[in-house]
Protein chains: 2
Amino acid sequence: MKLRILGCYSATPRVNTNPTAQVLEINNHMFLIDCGEGTQVQLRKHKVKFNRIKHIFISHLHGDHFFGLVGLISTFRLLTRETELHIYAPKGLKEIITLQMKIAKSWTNFPLIFHELNGTTSEIIFEDDLVEVHTIPLDHRIYTNGFLFKEKEGERKLDISKVEEANINVAYYRKLKKGFDVENEDGILIDNTKVTKPANKPKTYAFCSDTAYSEAIIPIIKEVDVLYHESTFLEKNESLAAPTKHSTAKQAASIANKANVGTLILGHYSTRYDDIQDFKTEANAIFENVELAEDGKLFEF
Amino acid sequence: MKLRILGCYSATPRVNTNPTAQVLEINNHMFLIDCGEGTQVQLRKHKVKFNRIKHIFISHLHGDHFFGLVGLISTFRLLTRETELHIYAPKGLKEIITLQMKIAKSWTNFPLIFHELNGTTSEIIFEDDLVEVHTIPLDHRIYTNGFLFKEKEGERKLDISKVEEANINVAYYRKLKKGFDVENEDGILIDNTKVTKPANKPKTYAFCSDTAYSEAIIPIIKEVDVLYHESTFLEKNESLAAPTKHSTAKQAASIANKANVGTLILGHYSTRYDDIQDFKTEANAIFENVELAEDGKLFEF
């Protein structure tokens with residue numbers, strides 16, 4: 001599982017800070033999460049192959065999370081994309097995008113499929129053989145979802161020396177990987193667990209931005225491997241966090257701690273702070289395994 | 001008159017090329033012309049004071065000319081702007097911007113005034129004591145205007161030694177600057193032209209992008225000091241220019257020549273070309289005074 005941060009600052013794009021966007025590679029999928037202004041340039045800068053992006057997840061319709069989307073769709077069109085593109089976003093985005101395409105007389109030549117969200121409880125919005133994506137309802141000034149990405153259980157791994165020792169025909173290997181017991185060349189039923197090893201533990205990633213401190217999300221993100229939780233402010237500015245429905249680094253760490261996650265990544269920093277290390281210091285007082293998002297940074301898990 | 005090119009490439013923003021946007025300083029005004037994605041970052045990079053921009057002119061509603069506008073307006077809001085902002089743009093833009101503000105529940109706290117254009121002949125869309133702005137109807141795939149910026153005739157300049165010699169009271173200096181004859185201390189009427197010099201010649205700038213080759217614009221831009229004319233293609237790709245309603249460098253030079261302008265600035269280059277010098281070389285065969293727009297370049301006239 002790889003996570004490329006394209007932008008992790010709040011509010012407005014600046015010369016050296018980008019608004020929210022990230023690319024998650026998980027089980028052979030490449031998901032784009034949020035798409036602030038300038039995301040397409042960040043994708044180019046980090047050499048992400050545009051055509052591998054087939055699903056885009058938009059948390060909410062504040063500009064720093066989606067103003068780059070219409071331009072990206074327009075660029076896909078200019079690049080004569082044919083692959084379908086799915087967009088999962090709050091209700092309203094379809095109208096915003098299609099109005100602009102209509103006025104520009106620039107319809108896409110690829111299928112553009114909107115999955116508009118308005119649920120207020122966690123639901124599955126994408127599923128295939130490899131991955132599930134669930135919404136994480138967040139507490140922000142407008143309707144907002146985080147997203148939980150879950151790898152599905154993979155196939156068991158053959159313990160080749162044991163498989164050969166047990167004299168099993170190669171035609172049964174696929175069935176073994178799927179967990180079935182099979183007969184060997186001598187007609188003896190072989191216990192699957194004797195000749196295979198468990199699949200890798202499926203990985204999970206939860207993206208939670210933007211949100212006030214909300215313990216309601218804990219049951220949904222319980223024990224995820226990686227949690228990205230916004231920390232717009234430091235504790236000293238907690239009085240700004242509450243009315244704007246954002247979180248402090250300390251609050252993000254408290255959620256990580258209570259949900260017993262593996263790693264906490266902080267991001268969505270206000271540009272008022274000179275040194276983002278202060279976010280890590282503050283969070284570390286409550287939760288040990290803290291990483292700082294930085295524009296361009298690649299995490300591998 | 002100063003012209004700062006923020007972006008001068010066609011189609012999509014890339015790591016080192018920006019879509020159309022420029023800032024014109026003329027007679028104490030600061031006008032923003034077009035606003036492709038990333039314009040607000042370019043404004044910051046070149047230290048343009050956001051609050052000096054009170055009038056934004058949008059040529060047409062293809063994304064590379066306006067996708068940065070909603071973000072810029074949103075940033076003005078976050079910066080707690082109070083000054084009113086006027087936007088001159090084809091009909092449709094108001095709906096696009098207000099829809100996004102409505103869905104984000106993020107109305108501006110400053111007056112945002114749209115002047116929607118749908119005229120098909122040149123008209124005055126802005127005028128004060130210092131400057132006039134006229135539309136230049138262009139020939140593109142969707143409704144498009146260029147803009148002609150004209151300084152108004154300034155005040156005459158006092159020839160101080162002659163004014164003093166003529167024994168004119170200082171109270172009359174303002175009247176002299178406005179071109180009136182005045183009486184001197186001895187009650188003698190003094191001919192204005194004997195003691196003042198003509199005002200500087202008013203400067204003119206015409207912005208023409210995007211457009212097919214169109215001689216219809218020549219009467220409007222006749223003898224402007226500076227003409228920015230799009231040259232998306234080189235002549236070798238003229239077959240692409242016609243159907244997309246763009247121009248070649250040669251065609252831009254031909255317009256400059258026929259309109260007898262002072263300086264031609266080329267821009268809106270397709271990113272297919274490795275060396276923009278080829279645009280200058282091609283245009284120079286027809287018109288001598290050619291400049292190349294480059295992202296970030298400042299022209300002073």
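Our subject is the structure listed above.
Throughout what follows, the structure given in this document is the object of discussion. (Residues numbered from 1 in each chain as written. Chains lettered and ligands numbered in written order. Predicted model: local features only at pLDDT ≥ 70, side-chain atom pairs only at ≥ 80, totals over all residues.)

Residue and element names in this part refer to chain A. If you walk across this open sheet you meet the seven strands as β7-β8-β9-β14-β15-β16-β17, and the pairing is mixed. Each of the sheet's edge strands pairs with one partner strand only, and the pair in question is β7 (124-127) and β17 (290-292). Ignoring strand direction, the axes of neighbouring strands in this sheet form an average angle of 20°. With three bridges joining them, strand β16 (residues 263-267) and β17 adopt parallel strand pairing. Across the sheet, the residue bridging to L264 is V290, located in β17. Running at roughly 150° to strand β15 (residues 226-230), helix α9 (residues 249-259) makes contact with β15, β16 and β17 of the sheet. Strand contacts of helix α10 (residues 277-284): β16 and β17, with the helix running at about 170° to β17, the strand carrying the most contacts. (Pairing = 2+ DSSP bridges. Helix = DSSP H or I, 4+ residues; strand = E, 2+ residues; numbered from the N terminus. Axes fitted to C-alpha atoms, helices over the stretch in contact; angles between N-to-C directions. Contact = placed C-beta atoms within 7 Å.)

Next up on the list: the interface of chain A and chain B. Between chain A and chain B, the contact holds 31 residues from the first and 31 residues from the second. Elements supplying a minimum of two residues to the side of chain A that touches chain B: α1 (39-45), α2 (69-78) and α3 (93-103) of chain A. Partitioned by chemical class, the residues of the side of chain A that touches chain B number 13 nonpolar, eleven polar and seven charged. (Nonpolar A, V, L, I, M, F, W, Y, C, P; charged D, E, K, R; others polar.)

All names here are of chain A. Between α9 and α10, whose axes approach to 8 Å, the crossing angle comes to 45°. When the axis of α9 is compared with that of α10, the two are oblique. In this structure, α9 meets α10 at a crossing whose hand is right-handed. Each of A249, K250, A252 and A253 in α9 lies in contact with α10, whose residues at this interface are F279, E282 and A283. Considered class by class, the residues forming the contact of α9 with α10 number five nonpolar, no polar and two charged. (Parallel < 35°, antiparallel > 145°, perpendicular 65-115°, else oblique. Left-handed = near helix turned anticlockwise from the far one by under 90°.)

What follows deals with the nonpolar core. Residues L227 and L264 of chain A together with L227 and L264 of chain B are the most contacted members of the largest nonpolar core, which totals 144 residues. For L227 of chain A, the contacting residues outside a window of four places in its chain are A206, C208, I221, A256, A259, V261 and L264 of chain A. (Core = buried A, V, L, I, M, F, W, Y, C linked by C-beta atoms within 7 Å. Buried ≥ 20, exposed ≤ 12 C-beta atoms within 10 Å, placed from the backbone.)

A word on the pairing of strand β6 (residues 112-117) of chain A. Regular strands place side chains that alternate from one sheet face to the opposite one. Residue and element names in this part refer to chain A. Note: strand β5 (residues 85-90) against β6, six bridges, orientation parallel. Across the sheet, the residue bridging to L85 is L112, located in β6. As for the winding sense of the linkage, the β-α-β connection from β5 through α3 to β6 is right-handed. (Right-handed = clockwise from strand over helix to strand, strands pointing away.)

Our next topic: the relation of the copies chain A and chain B. In the superposition of chain A on chain B (RMSD 0.1 Å, axial shift 0.0 Å), the rotation amounts to 180°. In symmetry terms, the pair is related by a two-fold rotation axis. The rotation axis passes nearest to the C-alpha of G38 of chain A in chain A, at a distance of 3.0 Å. A symmetric contact is evident, with 100% of the interface residues of chain A recurring at the interface of chain B. (Least-squares fit on C-alpha atoms with pLDDT ≥ 70 in both.)

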